[in-house]
Amino acid sequence: MIKISNCPICNSEKHTSFLKCLDHTVSRETFQVVSCDACQFKFTNPIPDLDKLGQYYKSEEYISHSNSKKGFINGCYQAVRRYTLIKKLRLISKFYRTGNLLDIGCGTGEFLDTCKQANWNVIGIEPDENARRMAQKNFSLDVRPEEELANLKNESFDIITMWHVLEHVPNLKGRVQELKRLLKPKGVIIIAVPNCNSLDAKWYKEYWAAYDVPRHLYHFTPDDIEKLFKQFDLKVFNILPMIFDSFYVSMLSEKYKNEKVSLIRSMWNGLRSNLNGMKTGKEYSSQIYLIKKN
């Protein structure tokens, strides 16, 4: 195990235990989430050795790598994804009709293929070999292992996306620096991450599925994202909700907390979370951050 001595955002050496969560997906091990005393950023600590992290993704329940359709929750995920893929394409089309797009952590390639069909020049980065092969086989996509990221040319992408990926990256600041290097001067970075300040996170506490330890190394709030990217002269210029995520996360959280899915409770808690997000403007269960160079 690797003990994190310094806060990944502010570098403070002081942090306190926030809660302990069970890995419900793979190992059934318990992991600690700590909160930085200086900036309140929350991160998993300690984390597995980096050469062992991949073992915690080896489950059919980890849908972004397996693309499984088994079970009610995965079935819901697949149905919603077909709709959200079009929404994501419309989002990037607000900035460019076409161009060069990089999707980091592209999984099995559905989003990349949607963009490819809309005449975007696409490249994917995916560390998991099985997911990478599925993307290549099913869609004939250019999907490369993570180490290839360093070989991509400076300022070569109009759009860079990371859909629920930043929370998985061990070298957080190094990755943000790399995003800045790869982005064209007028390009846009699109980051989607869970929000541990959402109402459903506060309701489910250690059972909140989006803590997803130890795969999720960091647990962001909007303030955390803004502070992090500001350090690299990158600006968050808009925050958008992912309204379906609260329902999906609530279904999983109900399963973890009560050992079964209560559809009524899941829908109610997801709705409550979205209504609270509407009130505050930035406390949805998951959110999209639009980022550009200053």
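Here the structure is shown first, and the text comes after it.
What counts and what doesn't
- Residues numbered from 1 in each chain as written.
- Predicted model: local features only at pLDDT ≥ 70, side-chain atom pairs only at ≥ 80, totals over all residues.
- Heavy atoms only, no water.
- Helix = DSSP H or I, 4+ residues; strand = E, 2+ residues; numbered from the N terminus.
- Rg over C-alpha atoms; globule rule 2.2 N^0.38 Å.
- Buried < 20%, exposed > 50% of the residue type's maximum accessible area, 1.4 Å probe, protein only.
- Contact = heavy atoms within 4.5 Å.
- Areas by Shrake-Rupley, 256 points an atom, 1.4 Å probe, with all protein chains shown as cover.
- Lys, Arg positive; Asp, Glu negative; His and termini not counted.
- Charge placed at Lys NZ, Arg CZ, Asp CG, Glu CD.
- Salt bridge = Lys/Arg side-chain N within 4 Å of Asp/Glu carboxyl O.
- Pairing = 2+ DSSP bridges.
- Right-handed = clockwise from strand over helix to strand, strands pointing away.
- Axes fitted to C-alpha atoms, helices over the stretch in contact; angles between N-to-C directions.
- Expected span 1.5 Å × (residues − 1).
- Arc of directions from axis to C-beta.

**A look at the overall build of the protein**
No. 1: When you go through the protein residue by residue, the secondary structure sums to 9 helices and 11 strands.
No. 2: The C-alpha atoms of the protein give a radius of gyration of 18 Å, which matches the 19 Å a tight globule of 294 residues would have.
No. 3: Each principal axis of the C-alpha atoms in the protein carries an extent, and together these give about 45 × 45 × 40 Å.
No. 4: Within the protein, the proportion of its 294 residues that are buried is 53%.
No. 5: Residue pairs in contact within the protein that sit at least 24 positions apart in sequence constitute 69% of those at least 6 positions apart.
No. 6: Per element, the accessible surface of the protein, about 13900 Å² overall, is 51% carbon and sulfur.
No. 7: Looking at the protein, you have 43 positive and 33 negative side-chain charges, and the mean spots of the two groups are 5 Å apart.

**Topic: the side chain of Asp 224**
No. 1: Of note, Asp 224 is situated in helix α7 (residues 222-230).
No. 2: The buried charged residue Asp 224 lacks any salt bridge partner; its closest oppositely charged side chain belongs to Lys 227, at an N-O distance of 5.0 Å.
No. 3: Leaving out residues up to four positions away in the same chain, Asp 224 has contacts with Ile 9, Cys 39, Phe 41 and His 219.

**Section: the pattern of salt bridges**
No. 1: Taken as a whole, this structure holds 11 salt bridges when the rule is applied.
No. 2: Here Lys 184 makes a salt bridge to Asp 158, at a shortest N to O gap of 3.3 Å. Taken as a pair, Lys 184 in strand β8 (residues 183-194) and Asp 158 in strand β7 (residues 157-163) lie far apart in primary sequence, 26 residues in all.
No. 3: Here Lys 184 falls in the partly exposed class, since its relative accessible area comes to 26%.
No. 4: Asp 158 gets classed as buried once you look at its relative accessible area, which sits at 8%.
No. 5: Taking the shortest distance from any N to any O, the salt bridge between Arg 181 and Glu 178 comes out at 3.2 Å. Taken together, the residues span about one helical turn, with Arg 181 and Glu 178 both in helix α5 (residues 172-182) at a distance of 3 residues.
No. 6: The class of Glu 178 is buried, set by a relative accessible area of 18%.
No. 7: If you follow the salt bridges from partner to partner, you end up with Asp 23, Asp 212 and Arg 215 in one network.

**Focus on the pairing of strand β4 (residues 100-104)**
No. 1: Counting buried residues along β4, 4 of its 5 residues qualify, which places the element largely inside the surrounding structure.
No. 2: Relative to strand β5 (residues 121-125), β4 runs parallel, the two being bridged by 5 bridges. Paired with Ile 104 across the bridge in β5 is Ile 125.
No. 3: The β-α-β motif built from β4, the intervening helix α3 (residues 110-117) and the parallel element β5 has right-handed crossover chirality.
No. 4: Pairing analysis gives 3 bridges linking β4 to β7, with the strands arranged parallel. Within β7, the residue paired with Leu 102 across the bridge is Ile 160.

**Brief notes about the sheet that holds strand β6 (residues 143-144)**
No. 1: As summarised here, the arrangement of the 7 strands in space is β6-β5-β4-β7-β8-β11-β10, forming an open sheet in which the pairing is mixed. Both outer strands of the open sheet, β6 and β10 (234-241), are each paired with one neighbouring strand and no more.
No. 2: Running at roughly 145° to β8, α5 makes contact with β4, β7, β8, β10 and β11 (286-293) of the sheet.

**Here's the deal with the environment of Thr 98**
No. 1: Note on placement: Thr 98 falls in the loop between α2 (72-93) and β4.
No. 2: We classify Thr 98 as partly exposed; its relative accessible area is 39%.

**Focus: helix α9 (residues 263-280)**
No. 1: Helix length check: α9 (18 residues) gives 26 Å between terminal C-alpha atoms against 26 Å at 1.5 Å per residue, within 8%.
No. 2: Buried residues of α9: Ser 266, Asn 269, Gly 270, Ser 273, Asn 274, Asn 276 and Gly 277, and no others. One side of α9 holds all its buried residues, which, seen down the axis, span an arc of 160°. Away from its buried face by more than 90 degrees, α9 exposes Ile 264, Trp 268, Met 278 and Lys 279.
No. 3: Among the structural elements, α6 (199-204) and α8 (245-258) are those in contact with the buried residues of α9.
No. 4: Once α9 ends, the next one or two residues include Gly 281, with phi positive near 90°.

**A short note on unusual backbone geometry**
No. 1: Geometrically, the link from Asn 45 to Pro 46 is a cis peptide bond, its omega value of 0° lying close to zero.
No. 2: Mapped onto the elements of the fold, Pro 46 is located in the loop between β3 (42-44) and α1 (63-66).
No. 3: Of note, the bond from Val 213 into Pro 214 is cis; its omega dihedral lies within 30 degrees of zero at -5°.
No. 4: Looking at where Pro 214 falls in the secondary structure, it is placed in the loop between α6 and β9 (218-219).

**Regarding the sheet that holds β9**
No. 1: One open sheet holds the 4 strands; their spatial order is β1-β2-β3-β9, and the pairing between them is antiparallel. The strands lining the two open edges of the sheet, one partner per strand, are β1 (15-22) and β9.
No. 2: Of the pairings in the sheet, the one linking β1 to strand β2 (residues 30-36) comprises 7 bridges and is antiparallel in character. The residue bridging Leu 22 from the neighbouring strand is Thr 30, located in β2.

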